[in-house]
Amino acid sequence: MSVGFIGAGQLAFALARGFTAAGVLAAHKITASSPDTDLPTVSGLRKMGVNFTVSNKDTVKSSDVLFLAVKPPIIPFILEEVGPDIEARHIVVSCAAGVTISSIEKKLSTFCPTPKVIRCMTNTPVIVREGATVYATGTHADVEDGKLLEQLMASVGFCTEVEEDLIDAVTGLSGSGPAYAFTALDALADGGVKMGLPRRLAVRLGAQALLGAAKMLLESEQHPGQLKDNVCSPGGATIHALHFLESGGFRSLLINAVEASCIRTRELQHLADQEKISPAAIKKTLLDKVKLESPSLSVASGSKVSLFTNKSKKN
Amino acid sequence: GKVPASNILASAPSDKNLAAWRELGCRTTHCNLEVVHGSTLVFLATKPHILPGVLEEIRPAVGSHHIVVSLVAGITIQTLQRLLPPWTKVLRIMPNLPCVVQAGAMVFSRGSNAGDEEAALLKSLLSSCGLCEEVPESYIDIHTGLSGSGVAYVYLFAEALAEGAVKMGMPGALASRIAAQTLLGAAKMLLETGEHPAKLRGDVCTPGGTTIYALHQLEKGALRATVMDAVEAATNRACDMAKD
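Residues numbered from 1 in each chain as written. Chains lettered and ligands numbered in written order. Predicted model: local features only at pLDDT ≥ 70, side-chain atom pairs only at ≥ 80, totals over all residues. Heavy atoms only, no water.

A. Local environment of the overall build of chain B. Tallying secondary structure elements over chain B gives eleven helices and seven strands in all. When each of the 244 residues of chain B is scored for burial, the buried share is 34%. Here the analysis covers contacts within chain B between residues at least 6 apart in sequence; of these, 54% occur between residues at least 24 apart. If you sum the accessible surface of chain B, you get close to 14,600 Å²; carbon and sulfur atoms cover 62% of it. A gap of 3 Å separates the mean positions of the 20 positive and 22 negative side-chain charges of chain B. (Helix = DSSP H or I, 4+ residues; strand = E, 2+ residues; numbered from the N terminus. Buried < 20%, exposed > 50% of the residue type's maximum accessible area, 1.4 Å probe, protein only. Contact = heavy atoms within 4.5 Å. Areas by Shrake-Rupley, 256 points an atom, 1.4 Å probe, with all protein chains shown as cover. Lys, Arg positive; Asp, Glu negative; His and termini not counted. Charge placed at Lys NZ, Arg CZ, Asp CG, Glu CD.)

As structure tokens, this is what we get:
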């Protein structure tokens, strides 16, 4: 089985690293493409032994499972560009936040009658094989296709199938989640430094504390509230600290964060569905490069682009 | 039904409250010494500033067969033992208001001469009024903050719940009754299932449903921290008052 990544940024790098480390895929069976060769992740991918190309079409041709690992506004450009090369055998896996299965299927169906589309939401810790991934299968993706993806993603962490309408919530929770954790860890380290610990040690200990706590929770039948209680000796240090967290509305801040991320994802999806994408939202150099690949795509500069009505002419 | 009313003797300087006792079938008197002479188990239930005087009064009549149980807030076992004969069996208890409806929460501690027998007797007697547990004396002030005063926090919460319902259009009397029943039912589930409250809370929260939306509001208001602050404030106040 060969895997391709359209896009050679953080996500492609993380997944490629994870798959190769897990041993489910040899690096030479992976292809990644991007018009932008200056990305720091590009050299990382090359060092891994992944086939790197500037041609998205080449990636499609040499892959069975095709990951769309580009930012959500770029997806329509990509589908327009590689659509003609998608065959019934391909499993197209979109990792783009807020991009619906139906929008992808709609776009691809102009090229291929029964495109197999799977939508997934993963997160960056796939790089260390502790990712959290959910996926939803599209109209023409079979149970086996879902299982194949699940096997791949399970090699780099936790993976389960969900209803598509839950994916935005997953984005808010585990998609963005690592960022919340990094913020917490940075602050915990600050606390340690304030109380006298050297920075490196503080970071190391903070990270280990969260790692250990998460592991305990995953391996325990107990409710996190119970596990918290188990740490809090009467009148001790921990309960004093927790009181501070509660006073600061710690819990509600986290609830707010998950909610905000989920709502923003839905907003972006809504914007995309309205098929209005400002070219300013896309890096100009990238756009130029895409134009070079598909000269028939016309983009009116300074005005909003409607990509779903422009059909590229086949040569 | 643990003790026949006729076996209970209560004393007070004036007749103000004694009528209520007589209605229950208890005997009454204005003489504290009479109570001590005629009883084995003597409860001290005066206001704190009155107690030293009362102890001085009854001290001569207190024997080694007596069990003296103080309900007086802020008076430590050390103080009680100091003001009573050295052989006296002393226990200290902190009840709370719902003892009246036999759903109280009480903690007690023993003095140096009170043994297992006395503790067991007290516990068996008081369990008829609710939950009764023996604790180290240092927990008594905490019990005040948690449960003694705690009852008032619950009344406040019940009032607020009902007010919310009234705002949304429900008549007040009905809202109050439902609020009270909700608290009763939730407490009963906690006590009977023995499950962690966080788990029971989670069980009520359907994904994307009404409860989780409401809980988010409570968290935004830092309800948990505020309640912790309240328990802390009451406990500290109890400690301070005991020092006076």
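B. Focus on the interface of chain B and chain A. Contacts between the two partners involve 13 residues from chain B and, on the opposite side, 14 residues from chain A. Across the chain B to chain A interface the summed buried area is about 1,200 Å²; carbon plus sulfur atoms make up 62%. For the chain B face of the interface with chain A, the top three residues by lost area are H196, H216 and M228 of chain B, together amounting to 41%. Put simply, chain B and chain A have zero salt bridges between them. At the junction of chain B and chain A, the tally comes to seven residue pairs in polar contact (both at pLDDT 80 or more). At the level of elements, α9 (197–204), α10 (210–220) and α11 (223–243) of chain B are the ones that each hand at least two residues to the side of chain B that touches chain A. (Buried area = accessible area lost by both parts, 1.4 Å probe. Salt bridge = Lys/Arg side-chain N within 4 Å of Asp/Glu carboxyl O. Polar contact = N/O pair within 3.5 Å; in protein donor to acceptor, adjacent residues only side chain to side chain.)

C. Up close: the nonpolar core. Residue and element names in this part refer to chain A. Formed by 34 residues in total, the largest nonpolar core has its most connected members in F5, F19, F67 and M153. Taken together, the elements giving at least two residues each to this core come down to β1 (3–6), α1 (10–22), β2 (30–33), α2 (40–48), β4 (65–68), β5 (91–94), β6 (116–121) and α6 (143–154). Apart from the residues lying within four places of it in its own chain, the contact partners of M153 are L15, F19, F67, T122, V126, T133 and C159. Within the second largest apolar cluster, 24 residues are counted, among which are V60, V70, V82 and A136. (Core = buried A, V, L, I, M, F, W, Y, C linked by side-chain atoms within 4.5 Å.)

D. Region of interest: the UniProt feature "domain: Pyrroline-5-carboxylate reductase dimerisation" (unreviewed entry) in chain B. The positions that UniProt labels "domain: Pyrroline-5-carboxylate reductase dimerisation" (unreviewed entry) are, in the present scheme, residues 137–239 of chain B. As annotated, residues 137–239 of chain B has a helix share of 83% and a strand share of 0%, and its two end C-alpha atoms lie 12 Å apart. (UniProt positions renumbered as here; feature names shortened; annotations may be inferred.)

E. Molecular detail of the pairing of strand β3 (residues 41–44) of chain B. Residue and element names in this part refer to chain B. Along β3, the buried face is formed by V42 and L44; none of L41 and F43, which line the opposite face, is buried. The pairing of β3 with strand β4 (residues 67–70) spans four bridges and is classified as parallel. Within β4, the residue paired with V42 across the bridge is V68. The handedness of the β3 to β4 crossover, carried by helix α3 (residues 51–58), is right-handed. (Pairing = 2+ DSSP bridges. Right-handed = clockwise from strand over helix to strand, strands pointing away.)

F. Just the UniProt feature "signal peptide" (unreviewed entry) in chain A, in detail. Under the present numbering, the feature "signal peptide" (unreviewed entry) in UniProt falls on residues 1–26 of chain A. Helix makes up 50% of residues 1–26 of chain A and strand 15%, with an end-to-end C-alpha separation of 10 Å.

G. View of the sheet that holds strand β7 (residues 131–137) of chain A. All names here are of chain A. The strand order across the open sheet built from eight strands is β3-β2-β1-β4-β5-β6-β7-β8, with neighbouring strands paired in mixed fashion. In the strand order of this sheet, the two ends are held by β3 (51–53) and β8 (157–161), each with one partner. The sheet shows a mean angle of 20° between the axes of neighbouring strands, direction not considered. In the sheet, β1 pairs with β2 via four bridges, with the strands oriented parallel. By the bridge assignment, G4 is partnered in β2 with T31. The strands touched by helix α4 (residues 75–82) within the sheet are β1, β4 and β5, with β4 carrying the most contacts at an inclination of about 145°. (Axes fitted to C-alpha atoms, helices over the stretch in contact; angles between N-to-C directions.)

H. Local environment of the side chain of N56 of chain A. Residues and elements named next belong to chain A. Examined against the element boundaries, N56 turns out to sit in helix α3 (residues 56–61). For N56, a relative accessible area of 4% translates into the label buried. Polar contacts involving the side chain of N56 include one to the side chain of E81, which spans 3.1 Å. Filtering out sequence-adjacent residues up to four positions away, N56 remains in contact with I6, S33, S34, I78, E81 and V82.

I. View of the packing of aromatic side chains. Residue and element names in this part refer to chain A. This model, assessed by the stated rule, comprises two aromatic pairs over all chains. Relative to F67, the ring of F5 has its centre 5.1 Å away and its plane inclined at 20°; by these criteria the two rings are stacked. Of this pair, F5 sits in strand β1 while F67 sits in strand β4; the two residues are 62 residues apart in sequence, bridging distant segments of the chain. In this structure F5 comes out as buried when scored by relative accessible area, which is 0%. Where F19 meets F67, the ring centres are 6.0 Å apart and the plane angle is 40°; that geometry is what we call tilted. Residue F19 is found in helix α1, and its partner F67 is found in strand β4; the two are separated by 48 residues along the sequence. (Phe/Tyr/Trp six-rings, centres within 6.5 Å; stacked < 30°, edge-to-face > 60°.)

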